[in-house]
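What follows is each chain in one-letter form.
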Amino acid sequence: IIDQNNFISPTLNKELNEDLSEIGKKSIVLPLGEVKISRRVKSLLILFRTNSNVEIWDQNKKRLFEHPKIEYVLRSLNSLLKSIKFSKEKYPDVKIQLVIVEDSTNEINLNKIKNLTNNSDVNVTFTKVDHNKYKEVIKQQKSDGTFSNLASLLCCYEIAKKKVDDLVFFVEDDYLHFEPMMEEMIA
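Figured I'd write up the structure that's included with this text. (Residues numbered from 1 in each chain as written. Predicted model: local features only at pLDDT ≥ 70, side-chain atom pairs only at ≥ 80, totals over all residues. Heavy atoms only, no water.)

**Examining the pairing of strand S3 (residues 26-29)**
The alternating pattern of S3 places Lys26 and Ile28 on a buried face and Ser27 and Val29 on a face that is not buried. When S3 meets strand S4 (residues 33-36), the two strands line up antiparallel, connected through 4 bridges. Looking at S4, one finds that Ile28 is bridged to Glu34. (Buried < 20%, exposed > 50% of the residue type's maximum accessible area, 1.4 Å probe, protein only. Helix = DSSP H or I, 4+ residues; strand = E, 2+ residues; numbered from the N terminus. Pairing = 2+ DSSP bridges.)

**Looking at the pattern of salt bridges**
On inspection of all chains with the given rule, the structure shows 5 salt bridges. Here Asp166 ties to Arg39 by a salt bridge, and the two come within 2.4 Å at their closest N and O atoms. Of the two residues, Asp166 is situated in the loop between helix H4 (144-163) and strand S8 (167-172) and Arg39 in the loop between S4 and strand S5 (43-50); the sequence distance between them amounts to 127 residues. The shortest N-O distance in the salt bridge between Glu172 and Arg49 comes to 2.4 Å. Highlighted residues: Glu172 in strand S8 and Arg49 in strand S5, separated in sequence by 123 residues. (Salt bridge = Lys/Arg side-chain N within 4 Å of Asp/Glu carboxyl O.)

Following this line, the structure appears as structure tokens:
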């Protein structure tokens, strides 16, 4: 029940800007309601797929803000690292693993990525996509970029199959929060 005049839930004895859910017991999402938790999450495997050398795969257009791809990679990864840190504090019993699946990233960009992860308190492992491993599995493609993209996807699926205990989250290297970039462009 929600008191819309005061923005509180009298049955939960909480304001609506508070966390209405109870970790490991129930999840409450407005306006959907309550979902009982029947199985606790023990671990989360996050697979961050990156290739900082490809600006936009299989497209003839530029990125929205026209920054180099590595800028998107670093901002995406930084956002992810902050989210992992927050989640580890909020859910200390959940084991969180981050695997960076790297596909043909040049040494300069790879060092930038490693520097960012080294400066965080998140345990990160790196896996390099072995294209030769997939030459017999993936049929001939129109471009090397398409083959490479499929190889890194397959690599992610194989890692997930081997390492997953509970949940897997696949994330790509150009998912990011745009506000800081927008501020730079406006200023």
